Amino acid sequence: MFERTTRMWVEREGAVMSAKPAEVVETTVPFSSARALAGAFEATLSSDDMVRTPHDEIEELCDAQGREWARRMLEEHMRLRAELEARVPVVGADGVERRAVRDSGRSLRTIVGSVSVPRLAYQAAGRDDLHPMDGSLNLPKEMFSFGIRRLVAREVARASYDEVVELLRDVTGADIAKRQVEELAMRAAQDFDAYYERRSAAETTEELLVVSTDGKGIAMRHEDLREGTRRAAESTKRKLQTRLAPGEKSNRKRMAQVAAVYSIAPWKRTAADLVRPLRTDAVEELRPKPKGKRVWASVEKAQQRVIRSAIDEAIRRDPDATRRWVVLVDGDPKQLRAVKAELRRAKRKATIILDVVHVLEYVWKAARALFGESNAEAEDWVGNRLLALLGGRSGGDVAQTIRWWSARRKGSLDAARTAAIDEACDYLSDRARTRLMHYEEALRNGLPIATGVIEGACRYLVKDRMDRTGARWSLTGAEAVLRLRAIRASGDFDDYWKFHLAAEKGRNHSARYAAATIPDPLPPRKPRLRRVK
């Protein structure tokens, strides 16, 4: 019905309205084509046939013709600027003046449709052409406008490439290939590091400055796996062709390192507050909320580089080293070594705390080996072990207690359960980790002891978007999506986009001219006259 209504309207208006959006009525009067389209459409909407048409068809027709009106307005604005363009001296960054001038044009695909952009081309033998009007408009190098790139950047951060392709078709009316969407996302994310490195984020507060980091695997294309993982995948012979056998590893993931930096007010509490928390609104209102939270992840950079960027972000927030730093870790030896190395490099002191939730997971592993699957007896036993840790007992002390319980039940434990208990005790009694389990002192000083922020970042930045069934990521594609999700999660998208547009203008235009200055091809602005009474 919508197609019939549209065709009927197009046939009635004849030459005034073209069924093809790219066609524009030739005229020398600026914006006359858009005005003619608007007038013809107004007359059509007032017709007797349209008055009797269902609202959904009118709504779709208004959407389609409104987009065409906007496309014509944009294209005629480009034409108006071309008519105003004056010849100016143009010297390239190579020091060669472009003396030959000719008319030229290019196409630009925008959120309202494709438009033609006429402008002058400045030429010299053996040199690239220069187009000052392109610099004035800050046009991208490719055919897609920054409006489309911004839309891609926002949507790729939350939806699959296929879903973004469909959305672009619905919103802009253009068919953009999936590969082109991925490339636009990469270009949109390319200024991520530069944006955060130049941003001044000094905070005048006495709140705790918290740094946290963790890792999360992403299923990658075979060629983009890290070298060790790729070799393992190539050398492993699978028992089954259609699925993994029990105990087999697929060797198809590459670890993304996730980081978080935020401020939080100290919150003093006791072991009992954590082991037997009062689930009331009053207690929850007392819990301080993280402030100035920035989270990000990288699958391309090595673990230590991400940790270094987290420490550098903390330094930008506390350049004078007046605040107390807390670093929350999960106990991975390599991660811990990297954290300590970066703190030494930065000449900063921090209280490093082993995430109590990770510790609790190993206590539960021992509990299930001793008492079977989760039950009330196991829960009480875990609660007592946790209370001991939070009350000042060391990880080694708790490990000794677990081994005592294991010895009492030695006859009823099989090899698998014994191995689980040994693994938990080794984790708890490890000298490097047990030094980081001073939970009683941390609670007394109001320090955080759990990595809820980084766990949430791992879930949001990585798992929710990257861990879709059947997805296999390229390294550059995964890195771009992680960056765009991080920008949105940190609440920086609008500010980042302004920075990105300025950087694009510098790369694509200013850098091509002498003294990095684009000649202004438009006539000087007329001074605004003030009426004096």
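Residues numbered from 1 in each chain as written. Predicted model: local features only at pLDDT ≥ 70, side-chain atom pairs only at ≥ 80, totals over all residues. Heavy atoms only, no water.

1. Points about the sheet that holds strand β3 (residues 208-219)
Step number 1: The sheet built from five strands is open, its strands ordered β5-β4-β3-β6-β7 with mixed pairing. Each of the sheet's edge strands pairs with one partner strand only, and the pair in question is β5 (291-298) and β7 (351-354). Across the sheet, the mean angle from the axis of one strand to that of its neighbour is 20 degrees, orientation sign disregarded.
Step number 2: Pairing geometry for strand β6 (residues 325-329) and β7, over four bridges, is parallel. Across the sheet, Val-329 pairs through a bridge with Leu-354, a residue of β7.
Step number 3: Of the strands in this sheet, β3, β4 (253-264), β5 and β6 touch helix α13 (residues 303-317), which is tilted by about 160 degrees from β5. (Pairing = 2+ DSSP bridges. Helix = DSSP H or I, 4+ residues; strand = E, 2+ residues; numbered from the N terminus. Axes fitted to C-alpha atoms, helices over the stretch in contact; angles between N-to-C directions. Contact = heavy atoms within 4.5 Å.)

2. Things to note about a positive patch on the surface
Step number 1: Taken together, Lys-340, Arg-344, Arg-431 and Arg-435 make up a surface patch of like positive charges.
Step number 2: Along the chain, Arg-431 falls in helix α19 (residues 431-434).
Step number 3: Owing to a relative accessible area of 62%, Arg-431 belongs among the exposed residues under this scheme. (Patch = residues over 30% accessible without salt bridge, like charges linked within 9 Å, V, L, I, M, F, W, Y side chains within 5 Å. Areas by Shrake-Rupley, 256 points an atom, 1.4 Å probe, with all protein chains shown as cover. Salt bridge = Lys/Arg side-chain N within 4 Å of Asp/Glu carboxyl O. Lys, Arg positive; Asp, Glu negative; His and termini not counted. Charge placed at Lys NZ, Arg CZ, Asp CG, Glu CD. Buried < 20%, exposed > 50% of the residue type's maximum accessible area, 1.4 Å probe, protein only.)

3. Structural notes on the pairing of strand β2 (residues 113-123)
Step number 1: Relative to β2, strand β1 (residues 100-110) runs antiparallel, the two sharing 11 bridges. Bridged to Ser-107 within β2 is Ser-116.
Step number 2: Joining the antiparallel neighbours β1 and β2 is a turn of two residues.

4. Re the environment of Thr-53
Step number 1: Take Thr-53: it is sitting in the loop between α3 (48-51) and α4 (55-84).
Step number 2: Here Thr-53 falls in the buried class, since its relative accessible area comes to 17%.
Step number 3: A distance of 2.9 Å separates a polar side-chain atom of Thr-53 from the backbone oxygen of Asp-49. (Polar contact = N/O pair within 3.5 Å; in protein donor to acceptor, adjacent residues only side chain to side chain.)

5. A short note on the side chain of Asp-134
Step number 1: Checked against the element boundaries, Asp-134 lands in helix α5 (residues 132-137).
Step number 2: Of the residues examined, Asp-134 reaches a relative accessible area of 7% and is grouped as buried.
Step number 3: Within polar-contact distance, the side chain of Asp-134 engages the side chain of Arg-119 at 2.9 Å.
Step number 4: Setting aside anything within four residues of it in sequence, one finds Asp-134 in contact with Arg-106, Arg-119, Leu-139 and His-509.

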